[in-house]
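Working through the structure, step by step
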Amino acid sequence: VQLVESGGGLVQPGGSLRLSCAASGFTFSSYGMSWYRQAPGKERELVADISSTGSSTTYKNSVMGRFTISRDNVKNTVYLQMNSLKPEDTAVYYCKVVQGLSPWWGQGTQVTVSS
């Protein structure tokens, strides 16, 4: 299993970023996927997840209405569109898949929201 995140960077408050997570090594279309984030000194937290078909999504309350999770089961990629970014969204963002009892994580991509 390999998960590779990309798309992070430095953005001003109110700006937008689109994160991507390219997956390989498993049947992507059979698994739900999640985005997590971890800010300095804080625990890793769930931001959003999406079902295997993309028909069902859930979000952390503080990002609802600003972030959108989606997936492309042809490209084996899950996305996180982040709009109206706030300084408190600054964190390393990770994608995750759980196979059986085993979680697999990507290496993360840094998102910094600052003026």
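Note: the structure precedes this text.
Here, residues in each chain are numbered from 1, in the same order as that chain's written sequence. Only residues with pLDDT of at least 70 get local features here, since the model is predicted, and only at 80 or more are side-chain atom pairs given and counted; chain-wide, interface and lining totals rely on the full set of residues. Hydrogens and waters are ignored; side-chain quantities use all the structure's heavy atoms.

1. A word on the overall build of the protein
The cut-off we apply is this: Numbering goes from the N terminus for both helices and strands, where a helix is a DSSP run of H or I of at least four residues and a strand is a run of E of at least two. Computation of the radius of gyration draws on C-alpha atoms alone. For the globule rule, the value is 2.2 Å times the number of residues to the power 0.38. Relative accessibility thresholds used throughout: buried, under 20% of the residue-type maximum; exposed, over 50%; partly exposed, between the two (1.4 Å probe, protein chains only). Residues count as neighbours in contact if any of their non-hydrogen atoms are within 4.5 Å of one another. Exposure was quantified through the Shrake-Rupley algorithm and a 1.4 Å probe, taking into account, for residues, occlusion by the shown protein chains and nothing else.
Helices and strands together make up the secondary structure of the protein, namely zero helices and 11 strands. Order of helices (α) and strands (β) in the protein, N terminus to C terminus: β-β-β-β-β-β-β-β-β-β-β. Rg of the C-alpha trace for the protein: 13 Å, near the compact-globule value of 13 Å for 115 residues, within the 12% margin. Taken along its principal axes, the extent of the C-alpha atoms in the protein is 40 × 25 × 25 Å. Burial analysis of the protein (115 residues in total) assigns 40% to the buried set. Taking the intrachain contacts of the protein between residues at least 6 apart in sequence as the baseline, contacts between residues at least 24 apart amount to 51%. Within the structure as shown, the protein displays about 5,900 Å² of accessible surface, and the carbon and sulfur contribution to it stands at 48%.

2. A few points about the side chain of Q99
Position of Q99 relative to the elements: it lies in strand β9 (residues 91-99). Taking the relative accessible area as the measure of exposure, Q99 reaches 19% and is therefore buried. For Q99, the residues in contact, after removing those within four places along its chain, are V1, F26, Y31 and W104.

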